[in-house]
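An overview of the molecular structure
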Amino acid sequence: KISAGGTVTGSNQISVPTSFDWAGGTLSGTGATILGGTTSVIGNGALSRPVTNNGTITLSGAGVITMAAGGSIDNTGFFDIQNDNGIAGAGGVFSNNGTFRKTAGTGTSLIDGVTGFTNPSGKTVQVSSGTVHFGVGVFPSNSGILDIAPGSTLGTSGSTLANTGTGVVQGF
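Here we take up unusual backbone geometry. Despite not being glycine, S157 shows a phi value in the positive range, around 55 degrees. Along the chain, the position of S157 falls in the loop between β22 (153-155) and β23 (162-163).

Below, the structure is given as structure tokens:
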């Protein structure tokens, strides 16, 4: 568990195969963090190191991730927003190689402050509650699946979102 004010840093890889509670604090350094189980983000987590999610990351309560230079998330599992927060900051990249979804919260979850968000062929961005809103230029093209429930919204801050030849936009 990392609590508000706590810091994990360094150049060594950290593997967390089971549960991880991120109640605030900072993950920094050049070493990768590999998450294999269930990760709960319930506070303001600052991220400036690479993270690979092979399990499930859930943002709930006051959970938000603030990205900085050197920070990245490679999501090969599930990234589930269950609040009206999202990803903020001034750097970092989010690569969705799994399922990125918002399943709770009726307001807006903003994905901004990252230099890019990718959704390759066969991978899914799913909005089943409220709004997922990407900042200007954060999500310029989609090759995967955009799955948007009736009454839910995917926004791009007025930026163009190009759907490539493999991209699918659908409701459920």
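What follows deals with the pairing of strand β15 (residues 99-102). Looking at chain direction, strand β12 (residues 78-81) and β15 are connected through four bridges and run parallel. Residue pairing in the sheet places F78 in a bridge with T99 of β15. Alignment of β15 against strand β18 (residues 124-127), held across four bridges, turns out to be parallel. Its bridge partner lying in β18, R101 is registered against Q126.

A few words now on the sheet that holds β18. The eight strands are arranged β3-β6-β9-β12-β15-β18-β21-β24 in an open sheet whose pairing can be described as parallel. At either end of the open sheet lies a strand with only one pairing partner, and these are β3 (20-22) and β24 (168-171). Averaged over all neighbouring strand pairs, the angle between strand axes comes to 15 degrees, with direction disregarded. The pairing of β18 with strand β21 (residues 145-148) spans four bridges and is classified as parallel. Counted as the bridge partner of V127 is I148 from β21.

The next thing to look at is the pattern of salt bridges. A full pass over the atoms with the stated rule returns two salt bridges. Among the ionic pairs, R101 bridges to D80, the shortest N-O distance being 3.6 Å. Taken together, the residues R101 in strand β15 and D80 in strand β12 connect sequence positions 21 residues apart. Under the relative-accessibility criterion, D80 is labelled buried at 4%. Of the charged contacts in the structure, one is a salt bridge between D84 and K102, with a shortest N-O distance of 3.0 Å. Highlighted residues: D84 in the loop between β12 and β13 (87-89) and K102 in strand β15, separated in sequence by 18 residues.

Mapping T106 onto the fold places it in the loop between β15 and β16 (108-111). Using a relative accessible area of 75% as the deciding quantity, one classes T106 as exposed. In this structure T106 touches D84, S129 and G130, once residues within four positions along its chain are discounted.

This part takes up the packing of aromatic side chains. One pass over the structure, following the stated rule, counts ten aromatic pairs. Pairing F79 with F100 gives two aromatic rings, centres 5.4 Å apart and planes at 10 degrees, and the pair type is stacked. Placement of the pair is F79 in strand β12 and F100 in strand β15, with a sequence separation of 21 residues. Here the two residues F79 and F100 agree in accessibility, since each one is buried. Their ring planes at 80 degrees and their centres at 5.3 Å tell us that F94 and F100 sit as a pair that is edge-to-face. An identical accessibility class is assigned to F94 and F100; each is buried. Pairwise contacts between aromatic rings join F79, F94, F100, F117, F134 and F139 into one cluster.

So, how was this worked out
- Residues numbered from 1 in each chain as written.
- Predicted model: local features only at pLDDT ≥ 70, side-chain atom pairs only at ≥ 80, totals over all residues.
- Heavy atoms only, no water.
- Helix = DSSP H or I, 4+ residues; strand = E, 2+ residues; numbered from the N terminus.
- Pairing = 2+ DSSP bridges.
- Axes fitted to C-alpha atoms, helices over the stretch in contact; angles between N-to-C directions.
- Salt bridge = Lys/Arg side-chain N within 4 Å of Asp/Glu carboxyl O.
- Buried < 20%, exposed > 50% of the residue type's maximum accessible area, 1.4 Å probe, protein only.
- Contact = heavy atoms within 4.5 Å.
- Phe/Tyr/Trp six-rings, centres within 6.5 Å; stacked < 30°, edge-to-face > 60°.

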